[in-house]
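Residue strings, one per chain:
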Amino acid sequence: MPSTFSEWCLGRLLLLLLLGTSVSGGNPADPAMTTQDSSQTQVNSVTKMQPGHESSGPHVATQELKPASKEDSVYEIVLSGAPVEKNISVASPTKVELICKLGEDSSLKNPQVTWKKGGETISHTTKTQNSWSIQLTISESSQLGSYTCILKGEKELTATFHLHVPKTEGREKPVITYIGDTAVMVCKTEYNAKAWTWYMTNGTELAPINTILHTDKFEIMRKSAKVSRLEIFKLSKKDRGVYWCEAVFDLGSSKARFELKVLSISAPLKPFIAVVAEVAILVTTIVLYEVYSKRKGKVNQKKTLLGDPSSSRQRSKPQKEI
Amino acid sequence: MASSRRARLRGPPDGGWGWMIVAGCFLVTICTRAVTRCISIFFVEFQAYFGQDYARTAWIHSIVDCATMLCAPLGSLISNHVSCQVGIMLGGLLASTGLILSSFAASLEHLYLSLGVLTGLGFALCYSPAIAMVGKYFNKRKALAYGIAMSGSGIGTFILAPVVQLLIEQFSWRGALLILGGFVLNLCVCGALMRPISLKEDCRTAPEFLEQNYVPETEKQDFKRTSICPPLIKLWPHECLCYCSWKEYDFLLMPGFMVLAVSILFMAYGCSPLFVYLVPYALSVGVSHHQAAFLMSILGVIDIIGNITFGWLTDRRCLKKHRYFCYLFAVGMDGLCCLFLPVLQSFPLLVPFSFTFGYFDGAYVTLIPVMTADVVGTSLLSSALGVVYFLHAIPYLVSPPVAGWLVDTTGSYTASFLLCGFSMIFSSALLCFARLAKKIKRTHLRPLTGNMGLKQHIWTNGAIAYSVTAELDQRDGEFLAVDTNSFSNR
């Protein structure tokens, strides 16, 4: 029936929404996602490569930088009033152009423009009619960071471009599993990662998972360059805690956090037994009520048949109707 | 005893215990339809846990829907031959077992069987008998009762969807399925509520039947279609049983039912892709994800409103006689909306579409059981509903892939929406023509049959005088004459 189909499709929509929310679950303000600069010295060879070439690492033919315009790696912010910020993920060395454009409704005329990274000013800026841009070649992790353009006039307008390593998405909500079950943690990122590492919190430090757990106990599967999957078998209460997955890119790495909770089977069993008890009580009540009302009806019938003989004889005689 | 028999032979109560039946059917709709919808919420979890892609996971939902609709005739068969209460309770136990077993699933195939086949079969055993039961208890307020009962799917989804999401967060999908299995056990409560009712037109032998004083016009069809098959509990010879089960499906050859069946095929074909492709279409014309979700929410809410208000409306005396036309008007309006959809290319234009389509979708959904009851009569309603929902299954399976293929080959949604719109308009036009043909046939036959058109037969059986006034065509008149002859010969 149509409503069942609508339900199917509403279900699919719910699914889409949930997928959307789970994908956007990576909170930019999550302090867990840090960028590590120092550990990437082994990728120095990449810094000499021209952007656009395929790196020696994972296949990066699909460079999805998601620029604002159709040309490669051009990012634009249109300023109107409030300060604007934009996050740009840079996975491998590339050339980037950042443009600050003045909005048409802005009252600012011929402002003084400065580009800053951190505290230092950048000098090679280009100016067109009402937009100002800088061209950057990102080849090292130290070149990532926040680039701000400041337009000074009667008012001061700012726009910031945050260049960072692509974020990895984990799961903010705890992963619930049961004793004896398998825990599955899936780590995703938008760009192809060169390598994946999984860590477990050992006290206050992070230790790679292969140093803590026996090889029989877990399995890391790399489904694709963008997805890594950790499975932990035969769970017990000791396995609960915080796990981290780290995606390694040319210019750095980023981490995502998972919290694993191991419950015993009795946890969902309590609400289940409560509902079953409610059903049993209701069914018994209804059946008893039915039996009671049937008995009462029979007694009433017997009374009407035996109680008044004359009326019963009249009733048993068929009615004459013309 | 004649008096006790007469006490049992009464018309539909139109209230009293009937409202408990409506409440039971409402709960059945929540436990079957809304739970089926909420199974989709588990898909993200299944995908992540089993590492499969969306298409393989979505098979679970297709299997549940397919099993529910294909086994609908089985459900009505069991409830007719054993008892409605036993049928629904059995369905509840099966569905609950399916959900509980799937909470221990180790693979996706295990889920196909437990969550797909077993749960779907359990739902099928509950759904059509419960709806048929509502039809037995109501006559004057039938459409309103159905409206309230059917609104369970929309309301249930609103309540269950966040609850299921919460359960998954608290207990993971295994615990959530276990608890959902417990919840579905409430179908047994609904089964216990379905007190059987024996109506005037139910199966009785001829002398008993003729004891009745008056056969109302709405039940004149049942006079023709009395099945003389009592429940299996009574011991009947084997030949009679075979004859009975065949006689039960006698309505399949009725021209009125065949027309309804064909029109339902086309209607289901037309309406199903729309729900699948509304959101992708909206996204393709530039509507954002949140707005597209909002469109579907509007559809859902207005569906519920359409269910109840249209049910109430068609119960009004002025519209009751024209229920048939209200139904085909609702289907036609939906088809018209579909035809306009390719022109609507922005969110402010899609909102009124959602309103209109949702309202009329809820409207005709309420009227499907009412129409079926009008065509086949109340005694055969259970079997007929089983067949009607079975007929929904095939277009649902076929239509979205065909529409998807059309979208892929033509590159736009226009062709598939036009096909849906024309399919629904054809369905409504078919019903219109059938009614016109019937009217023309009647006006032709009336001068031919002459006196036989409007008959007043009065028999006396001892002291019983029995008059039947019915508008019969010639064939039925002969049937009546034969019957009275056989009776008078006894």
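Predicted model, so just to flag it, every value in this text is computed and none were measured.

A. The arrangement of the overall build of chain B in detail. Looking only at helices and strands, chain B features 20 helices and 2 strands. For chain B, the residues scored as buried account for 57% of the 490 residues in total. Within chain B, residue pairs in contact and separated by at least 24 positions form 81% of the contacts whose partners lie at least 6 positions apart. Counting every atom, chain B has about 19500 Å² of accessible surface; 69% of that belongs to carbon and sulfur.

B. Layout of the pairing of strand 12 (residues 183-189) of chain A. Residue and element names in this part refer to chain A. The buried fraction of strand 12 amounts to 6 of the 7 residues, a majority that puts the element mostly inside the structure. Relative to strand 12, strand 10 (residues 168-169) runs antiparallel, the two being bridged by 2 bridges. Across the sheet, residue T168 finds its bridge partner in strand 12, namely T189. Relative to strand 16 (residues 227-232), strand 12 runs antiparallel, the two being bridged by 6 bridges. Among the inter-strand pairings, C187 is bridged to a residue of strand 16, identified as S228.

C. Highlighting the sheet that holds strand 4 (residues 112-117) of chain A. Residues and elements named next belong to chain A. Taken in spatial order, the 5 strands make up an open sheet running 2-9-8-4-5, and their pairing is mixed. The outermost strands of the open sheet, each flanked by one partner alone, are strand 2 (84-89) and strand 5 (120-122). Strand-to-strand twist across the sheet, computed as the mean angle between neighbouring axes with direction ignored, equals 25°. Pairing of strand 4 with strand 5 involves 3 bridges; the strand directions are antiparallel. Each bridged residue has a counterpart across the sheet, and for W115 the counterpart in strand 5 is I122.

D. Main features of unusual backbone geometry. Backbone geometry places K234 of chain A, a non-glycine residue, at a positive phi of 45°. With respect to the helices, strands and loops of the structure, K234 of chain A is situated in the loop between strand 16 and strand 17 (241-249). Taking the relative accessible area as the measure of exposure, K234 of chain A reaches 66% and is therefore exposed. Its identity as a non-glycine residue notwithstanding, S172 of chain B has a phi of 60°, on the positive side. Secondary-structure assignment places S172 of chain B in helix 8 (residues 142-184).

E. Quick look at the pattern of salt bridges. A full pass over the atoms with the stated rule returns 10 salt bridges over all chains. Between K217 of chain A and D239 of chain A there is a salt bridge, and its shortest N-O distance comes to 2.8 Å. On the criterion of sequence distance, the pair formed by K217 of chain A in the loop between helix 3 (209-212) and strand 15 (218-224) and D239 of chain A in the loop between strand 16 and strand 17 is long-range, its members being 22 residues apart. A relative accessible area of 4% places D239 of chain A in the buried class. In this structure, E231 of chain A and R229 of chain A form a salt bridge, with 2.9 Å as the shortest nitrogen-oxygen distance. A network of salt bridges, in which partner residues are shared, links D315, R323 and D374 of chain B.

F. Region of the structure containing the confidence of the model for chain B. All names here are of chain B. Taken residue by residue, chain B gives an average pLDDT of 80. The fraction at 70 or more is 79%. The secondary structure element of chain B with the lowest average pLDDT is helix 10 (residues 206-210), at 39, and the one with the highest is helix 6 (residues 84-102), at 94. Contacts for the low-pLDDT stretch residues 1-7, under 50 throughout, to residues beyond four places or in other chains number 8 contacts. Predicted confidence for residues 203-228 stays below pLDDT 50, and this span has 58 contacts to residues more than four positions away or in other chains.

G. Region of interest: the nonpolar core. In terms of nonpolar packing, the biggest core is built from 115 residues, with F42, F46, I60, F251, F257, Y327 and Y364 of chain B touching the most fellow members. With 17 residues, the single largest contributor to this core is helix 8 of chain B. Of all hydrophobic cores here, the second largest spans 50 residues; its members include V113, L144, L213 and L260 of chain A.

H. Layout of helix 4 (residues 266-307) of chain A. Along its 42 residues, helix 4 of chain A runs 59 Å from first to last C-alpha, staying within 8% of the 62 Å computed at 1.5 Å per residue. For helix 4 of chain A, the set of buried residues is P268, F272, V275, V279, V283, I286 and E290 of chain A. Tucked into the core, helix 4 of chain A has its buried residues touching strand 11 (175-178) of chain A together with helix 2 (17-38), helix 6, helix 8 and helix 9 (186-193) of chain B.

I. The state of the cysteines, seen in detail. Here the structure, examined in full by the defined rule, presents 2 disulfides over all chains. Note on cysteine connectivity: C100 of chain A is disulfide-linked to C149 of chain A, with sulfurs 1.7 Å apart. Disulfide C100 of chain A to C149 of chain A: torsion about the S-S bond roughly -90°, handedness left-handed. Separated by 49 residues along the polypeptide, C100 of chain A in strand 3 (residues 94-102) and C149 of chain A in strand 8 (residues 145-152) bring together distant segments of the chain. With respect to class, C100 of chain A is no different from C149 of chain A; both count as buried. Residue C187 of chain A pairs covalently with C245 of chain A via a disulfide, S to S 1.6 Å. Residue C187 of chain A is found in strand 12, and its partner C245 of chain A is found in strand 17; the two are separated by 58 residues along the sequence. The same class applies to C187 of chain A and to C245 of chain A, which are both buried. Counting its disulfide-bonded cysteines in sequence order, chain A shows a connectivity of 1-2, 3-4. There is no disulfide at C38 of chain B, and the cysteine sulfur nearest it, in C31 of chain B, is 11 Å away. C66 of chain B provides the cysteine sulfur closest to C71 of chain B, a residue in no disulfide bond, and the two sulfurs are 8.2 Å apart.

J. Focus on the environment of A48 of chain B. Tracing the backbone shows A48 of chain B in helix 3 (residues 43-50). Exposure remark for A48 of chain B: the relative accessible area of 31% places this residue in the partly exposed category.

K. Region of the structure containing the environment of G87 of chain B. Residues and elements named next belong to chain B. Examined against the element boundaries, G87 turns out to sit in helix 6. On the basis of relative accessible area, G87 is assigned to the buried category, the value being 1%. In this structure the C-alpha to C-alpha distance between G87 and F347, which are 260 residues apart in sequence, comes to 46 Å. Ignoring anything within four residues of it in the chain, the contact list for G87 reads I78 and L125.

Criteria and thresholds
- Residues numbered from 1 in each chain as written.
- Chains lettered and ligands numbered in written order.
- Predicted model: local features only at pLDDT ≥ 70, side-chain atom pairs only at ≥ 80, totals over all residues.
- Heavy atoms only, no water.
- Helix = DSSP H or I, 4+ residues; strand = E, 2+ residues; numbered from the N terminus.
- Buried < 20%, exposed > 50% of the residue type's maximum accessible area, 1.4 Å probe, protein only.
- Contact = heavy atoms within 4.5 Å.
- Areas by Shrake-Rupley, 256 points an atom, 1.4 Å probe, with all protein chains shown as cover.
- Pairing = 2+ DSSP bridges.
- Axes fitted to C-alpha atoms, helices over the stretch in contact; angles between N-to-C directions.
- Salt bridge = Lys/Arg side-chain N within 4 Å of Asp/Glu carboxyl O.
- pLDDT = per-residue confidence, 0-100.
- Core = buried A, V, L, I, M, F, W, Y, C linked by side-chain atoms within 4.5 Å.
- Expected span 1.5 Å × (residues − 1).
- Disulfide = S-S within 2.5 Å.

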